[in-house]
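Summary of the model geometry
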Amino acid sequence: MTMQPIAPHVNQHIDRIARRLKLKDLHTFRAAVQLGSMAKAAAEVALTPPAVTKAIGDMERLLGVKLLERTSQGVAPTAYGAALLSGSLDLFDDLKRTIEQIQFLADPTVGEVRVIWSAPWHASVLPLAIDRLSRQYPRIVIHVSTSGSASEQPKALQDHAFDLWFTRLSAEPDEGLEQEALFDDPMVIVASRENTGFRGRKLQLAQLADAAWCLPSGSSTLASPFGQAFQLAGQPFPHISVHCVSMELQTALVATGRYLTVLPASYLRFSSVKASLRILPMAMDIDSQPVGIVRLKDRALSPVANLFVQTLRAVVKDAKLARPKTGNAQAHNSR
């Protein structure tokens, strides 16, 4: 099918609209949508509510479409408004990256990078990477967040709230995201060094069936990788004494000498808790994805974010962490 060229008068009309759109008005519109309220948007952008209403009304007249639905509960974007919001996020992100590039060219020792870091890797290679980067560039600021659930964190990346997400990679990443595998991090069964009940050169899962287990809630089903390991070994799923979502609580309970838990191997290698815990000598058939970096697809990283990625790769290499097996996750070289 042959594509018809856009008529010159249409291009001229689009150019006229683009020239008349103001960044400040787009920022005001974005605040109104994200906060769901004209009044809250006014406080956010330091304008009066009538000024916010006028700015959005001017954009609606310029574009010739309705951008917001006004209700008693607040405001919500129309289909046109949602399209404008999506485009403006990219626009502001591009502008931010351009300004960062200029600042980096003027002074490569300053800048910011924002990273979402899923537990437990905030206690493994993260401190090493931050320390190395900050020693080389002490004026660089690194914002690290572990907030939000696993389902919310990709959205924070897609909303341009963060530059990078460091996590265990998904076999099927969300559309619009791409992954770079850095190292394999198998799950291991952990006990206290004071726990003398599980000794031997090679233990079997059957020997652990009656142990007191402390596991994250998502691990306590047969559908979980942990449950599948017992299933493949022909063993019934063990009784879970404590369900929790805290790595700190898991390790604290294991340190009492009673409990067993399952942790990524790197957590034991780098964490301060390694002196009181030990990995049980047994092979557990758990297929886990490698750990790596997730970023927006087809979006260039800022110079400082690139420095962070390079530092992280160097830390992983120096630590001699196991390289990802071919096919576990798609590797990507950050631009």
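Look up: the structure comes first, before these words.
In this report, we go over the structure that sits alongside the text. (Residues numbered from 1 in each chain as written. Predicted model: local features only at pLDDT ≥ 70, side-chain atom pairs only at ≥ 80, totals over all residues. Heavy atoms only, no water.)

1. Comments concerning the packing of helix H3 (residues 38-45) against helix H4 (residues 49-63)
Running from amino to carboxyl end, H3 crosses H4 at an angle of 100°, the nearest separation of the two axes being 8 Å. Taken together, H3 and H4 sit at an angle that is classed as roughly perpendicular. Facing H3, whose interface residues are Met38, Ala41, Ala42 and Val45, H4 presents Pro49, Val52, Thr53 and Ile56. When grouped by side-chain class, the residues that make up the contact of H3 with H4 number seven nonpolar, one polar and no charged. (Axes fitted to C-alpha atoms, helices over the stretch in contact; angles between N-to-C directions. Helix = DSSP H or I, 4+ residues; strand = E, 2+ residues; numbered from the N terminus. Parallel < 35°, antiparallel > 145°, perpendicular 65-115°, else oblique. Contact = heavy atoms within 4.5 Å. Nonpolar A, V, L, I, M, F, W, Y, C, P; charged D, E, K, R; others polar.)

2. A word on the environment of Arg30
Along the chain, the position of Arg30 falls in helix H2 (residues 23-35). The spatial distance from the C-alpha of Arg30 to the C-alpha of Leu89 is 8.3 Å, given a sequence separation of 59 residues. Beyond its immediate stretch of four places on either side in the chain, Arg30 contacts Leu85, Leu89 and Phe92.

3. Overview of the side chain of Glu180
Structurally, the position occupied by Glu180 is in strand S6 (residues 177-183). Only 2.8 Å separates the side chain of Glu180 from the side chain of Arg313, close enough to count as a polar contact. (Polar contact = N/O pair within 3.5 Å; in protein donor to acceptor, adjacent residues only side chain to side chain.)

4. Some words on helix H9 (residues 247-255)
In an α-helix, one turn spans 3.6 residues, which is why side chains three or four residues apart end up on the same side. Residues Met247, Gln250, Thr251, Leu253 and Val254 constitute the buried set of H9. One face of H9 carries all of its buried residues, which in axial projection span an arc of 160°. Here the buried face of H9 lies against strand S7 (187-192), strand S8 (212-216), strand S9 (240-244), strand S10 (259-264), helix H10 (265-270) and strand S11 (277-279). (Buried < 20%, exposed > 50% of the residue type's maximum accessible area, 1.4 Å probe, protein only. Arc of directions from axis to C-beta.)

5. Topic: the sheet that holds strand S4 (residues 139-145)
Reading across from one edge, S4-S3-S5-S12-S6 is the order of the five strands in this open sheet, with mixed pairing throughout. With partners counted over all chains shown, the strands left at the sheet margins are S4 and S6, one partner each. Neighbour-to-neighbour, the strand axes of this sheet turn through a mean angle of 25°, independent of strand direction. Helix H6 (residues 125-136) contacts strand S3 (110-117), S4, strand S5 (164-168) and S6 of the sheet and is inclined by roughly 165° relative to S4. Those strands touched by helix H11 (residues 303-318) are S3, S4, S5, S6 and strand S12 (291-296), and its axis lies near 60° from that of S3. (Pairing = 2+ DSSP bridges.)

6. Overview of a nonpolar patch on the surface
A surface patch of nonpolar side chains, amounting to about 310 Å² of accessible area, comprises Leu23, Leu91, Leu95 and Ile99. By the element assignment, Leu95 lies in helix H5 (residues 79-106). What makes Leu95 partly exposed here is its relative accessible area of 35%. (Patch = residues over 30% accessible without salt bridge, like charges linked within 9 Å, V, L, I, M, F, W, Y side chains within 5 Å. Areas by Shrake-Rupley, 256 points an atom, 1.4 Å probe, with all protein chains shown as cover. Salt bridge = Lys/Arg side-chain N within 4 Å of Asp/Glu carboxyl O.)

7. Considerations on the pairing of S5
Look at any regular strand and the pattern is simple: side chains alternate between the two faces of the sheet. With four of five residues buried, S5 lies mostly within the body of the structure. Direction of pairing for S3 relative to S5: parallel, over a ladder of three bridges. Residue pairing for S5: Ile116 is matched across the bridge by Trp165. As defined by bridge partners, S5 adjoins S12 across four bridges and the pair is classed as antiparallel. Pairing of Phe166 across the sheet is with Ile293, part of S12.

8. Digging into the nonpolar core
Trp117, Val125, Phe166, Phe183, Phe308 and Leu312 are the most contacted members of the largest nonpolar core, which totals 27 residues. Within the residue set of this core, elements represented by two or more residues are S3, H6, S5, S6, S12 and H11. Per-element accounting of this core gives the leading share, eight residues, to H11. In this structure, Phe308 is in contact with Val113, Val115, Trp117, Leu126, Ile130, Leu133, Ile142 and Leu164, ignoring residues within four places of it in sequence. Among the nonpolar cores identified, the runner-up in size contains 18 residues, and Met38, Ala41, Met59 and Leu84 belong to it. (Core = buried A, V, L, I, M, F, W, Y, C linked by side-chain atoms within 4.5 Å.)

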